[in-house]
Number of protein chains: 2
Amino acid sequence: MTKKIIYSVRPFREEFIEKMKEIAPDYSFQTEVASDELSEIEVSIGWNREYQEEVFASDHLKWVQSISAGVDNLPLNEFADKEILLSNASGIHVESISEHVMGIILGYSRGLFQAQRAQLKKEWLGSAIHYQALEDQKLLIIGTGHIGKKLAQHASVFGLECIGINTSGHPVEGFKETYPLDRLKEILPKATIVVNILPLTDQTKGLFDAKVFEAFDEEAVFINVGRGPSVKTADLITALEHGELAFAALDVFEEEPLAEDSPLWEREDVLITSHIAGQTPHFQTKFMDIFLKNLQSYIENKELEVNEIDLNEGY
Amino acid sequence: MTKKIIYSVRPFREEFIEKMKEIAPDYSFQTEVASDELSEIEVSIGWNREYQEEVFASDHLKWVQSISAGVDNLPLNEFADKEILLSNASGIHVESISEHVMGIILGYSRGLFQAQRAQLKKEWLGSAIHYQALEDQKLLIIGTGHIGKKLAQHASVFGLECIGINTSGHPVEGFKETYPLDRLKEILPKATIVVNILPLTDQTKGLFDAKVFEAFDEEAVFINVGRGPSVKTADLITALEHGELAFAALDVFEEEPLAEDSPLWEREDVLITSHIAGQTPHFQTKFMDIFLKNLQSYIENKELEVNEIDLNEGY
């Protein structure tokens, strides 16, 4: 009999491996596989490009559980062709990303990043600092899923008014107004803080281009914790240079790591973080909440209980 | 007849001067006074040390409305001797200070200050960043007045557990537990984030000294938005050097501006802000809310309706 392998690109604590064994006693959990085992991988936690060709060559792979919320880097067409199930890790990063965004909103609004730059020059700014009241800001959240909803909840306690944008414009709890994505340019001038949390799809690739930045309020802050390729970096830099917006906080980039010669590094109106918004100390626990639920339903009836990706939509 | 003067150390918008005239038509509002007018000042908005001697020499001064919440820099003993009323501006800065503190808590917990330091070196940190979940932190708020309560409200939405310390240890809404100030050292080890918001009094001067820092959790963050002289800076630096706490964010200092040769500037485990936590764009509106209420009651019966300071307690 062929071995059935659950392959994972990363290790998990013993307590979770024990739980996998209880649910799926016939499967072997492996973070390393010999070359002759690649064809025996039936479930993959994360995706290893080096193994891709051999794994696809066999017909054993049935389910991929992505470790991240975004699945745009995965071979979705091949998964669709081969009827491989795909689930993502959406939900795990909700608190972390919302806290990251609120940290940027508060830090910018209270002049903390400006203060830290002054500190490095031993400069006492006194009141020569940019500050603004949160209650005067309007927050446009582009993407009203789990993260967007949590962010609206966090922001509301500070009196921030939250407007949402999603594909269809359907109303979402916690948002005063919601609009469809195709009205983005028309809605942007209303906002002083603009947060992109959209996944990367054909519709969102290059979405933030010169024309979109032209529609920004010149005092506005742009925060991208969605996907790097949703923003045309060169257009963003031009827009900042022309004063079409005031500040950008970027956690994701068209290319990562950000190239050392990128002009973004030196801009005082840019805060760069290294794709860390989703980092959470409770990753394993939260991830296994999703994976073990899906493993149970997969074993029972080859279906996924939560977070299944529609391979045609890409999210 | 002698003129009656309301002197102010700073100007206010015409709309507010109009309102003062309506309430107190017999008084002249002046931001500048000739030397022979100093004896005619009956009400002072803010305090001008240069005028102090001459103002005290006459018996016309009846009421000082402080522009800040802290009144420790004012001649409280002379006010008491001469039965001069004193009111402060407590309440105005509530949102600003709470937003400042939350900006620090979130910025530190999401690694944003570390990220900005890395950016200036064009360094892509990847996941080599310190981050922590807010829901795992315990926030000790020392001072449970207006600001402390607002902070507890802001913090709770992120799942932070809030413990309070006040003079008597009386319970306060929004705090899970409250303790009296004399139990500070015993309570400190429970906290991972410690915020000082206390006014400066005989009891709080030099409160944060070597022995108090010894009681901190070594992972803890200390945030001072209260008063500079409540902290013995040299003891804080030693404590940071010995790893008795992890990070300090200081908005107030024993001497301001902070001296250029202070070792605090260069510490990576210190964030310096230049006494800006209370800066608010709505200062005039909020301040006049307090002052005009008091002016009304002062005109009617020589009493202050809100924010009167007990000159024996000093707050």
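Thresholds applied
Residues numbered from 1 in each chain as written. Chains lettered and ligands numbered in written order. Predicted model: local features only at pLDDT ≥ 70, side-chain atom pairs only at ≥ 80, totals over all residues. Heavy atoms only, no water. UniProt positions renumbered as here; feature names shortened; annotations may be inferred. Least-squares fit on C-alpha atoms with pLDDT ≥ 70 in both. Contact = heavy atoms within 4.5 Å. Core = buried A, V, L, I, M, F, W, Y, C linked by side-chain atoms within 4.5 Å. Buried < 20%, exposed > 50% of the residue type's maximum accessible area, 1.4 Å probe, protein only. Domains from an automatic or database assignment. Buried area = accessible area lost by both parts, 1.4 Å probe. Salt bridge = Lys/Arg side-chain N within 4 Å of Asp/Glu carboxyl O. Polar contact = N/O pair within 3.5 Å; in protein donor to acceptor, adjacent residues only side chain to side chain. Helix = DSSP H or I, 4+ residues; strand = E, 2+ residues; numbered from the N terminus. Nonpolar A, V, L, I, M, F, W, Y, C, P; charged D, E, K, R; others polar.

- Identification of chain A as Hydroxyacid dehydrogenase from Candidatus Enterococcus mangumiae is taken from an unreviewed UniProt entry.
- What UniProt records for chain A under Sequence similarities (unreviewed entry) is the sentence "Belongs to the D-isomer specific 2-hydroxyacid dehydrogenase family."

1. Some details on the relation of the copies chain A and chain B
Phase 1: Least-squares fitting of chain A to chain B yields an RMSD of 0.1 Å, with the superposition described by an axial translation of 0.0 Å and a rotation of 180°. Taken together, the turn and the small shift mark the pair as related by a two-fold rotation axis. When C-alpha distances to the rotation axis are compared across chain A, the minimum falls at Gly103 of chain A, with a value of 2.7 Å.
Phase 2: When the interface residues of chain A are mapped onto chain B, 100% of them are again interface residues, pointing to one common binding face.

2. Comments concerning the nonpolar core
Phase 1: Counting 64 residues, the largest nonpolar core has Leu139 and Ile223 of chain A together with Leu139 and Ile223 of chain B as its most contacted members.
Phase 2: Non-local contacts of Leu139 of chain B, meaning those with residues more than four positions away in its chain, are made with Ile105, Leu151, Ala155, Leu160, Glu161, Cys162, Ile163, Ile193 and Val195 of chain B.

3. Things to note about the domain arrangement of chain A
All names here are of chain A.
Phase 1: As assigned here, chain A comprises domain 1 (4-91 + 282-301) and domain 2 (94-272).
Phase 2: Summarising the inter-unit geometry, the C-alpha centres of domain 1 and domain 2 are found 34 Å apart.
Phase 3: Residue-level contacts link 7 residues of domain 1 with 5 residues of domain 2.
Phase 4: Around 450 Å² of area is buried between domain 1 and domain 2 when both sides are counted, 40% of it from carbon and sulfur atoms.

4. Concerning the interface of chain A and chain B
Phase 1: The interface of chain A with chain B comprises 56 residues on the first partner and 56 residues on the second.
Phase 2: Carbon and sulfur atoms supply 62% of the area that chain A and chain B bury against each other, a total of about 5000 Å² over both sides.
Phase 3: Its largest share of buried area at the contact with chain B, chain A owes to Arg110, Gln119 and Trp124 of chain A, together 17% of the area lost on that side.
Phase 4: Our count for the chain A to chain B interface comes out at 2 salt bridges.
Phase 5: Across the salt bridge formed by Glu266 of chain A and Lys122 of chain B, the nearest N and O atoms sit 2.8 Å from each other.
Phase 6: Put simply, chain A and chain B have 22 residue pairs in polar contact (both at pLDDT 80 or more) between them.
Phase 7: Looking at the side of chain A that touches chain B, the elements that each hand over two or more residues are α4 (94-109), α5 (112-120), α6 (146-156) and β12 (270-272) of chain A.
Phase 8: Sort the elements by how many residues they give to the side of chain A that touches chain B and α4 of chain A lands first, with 8 residues.
Phase 9: Partitioned by chemical class, the residues of the side of chain A that touches chain B number 26 nonpolar, 18 polar and 12 charged.

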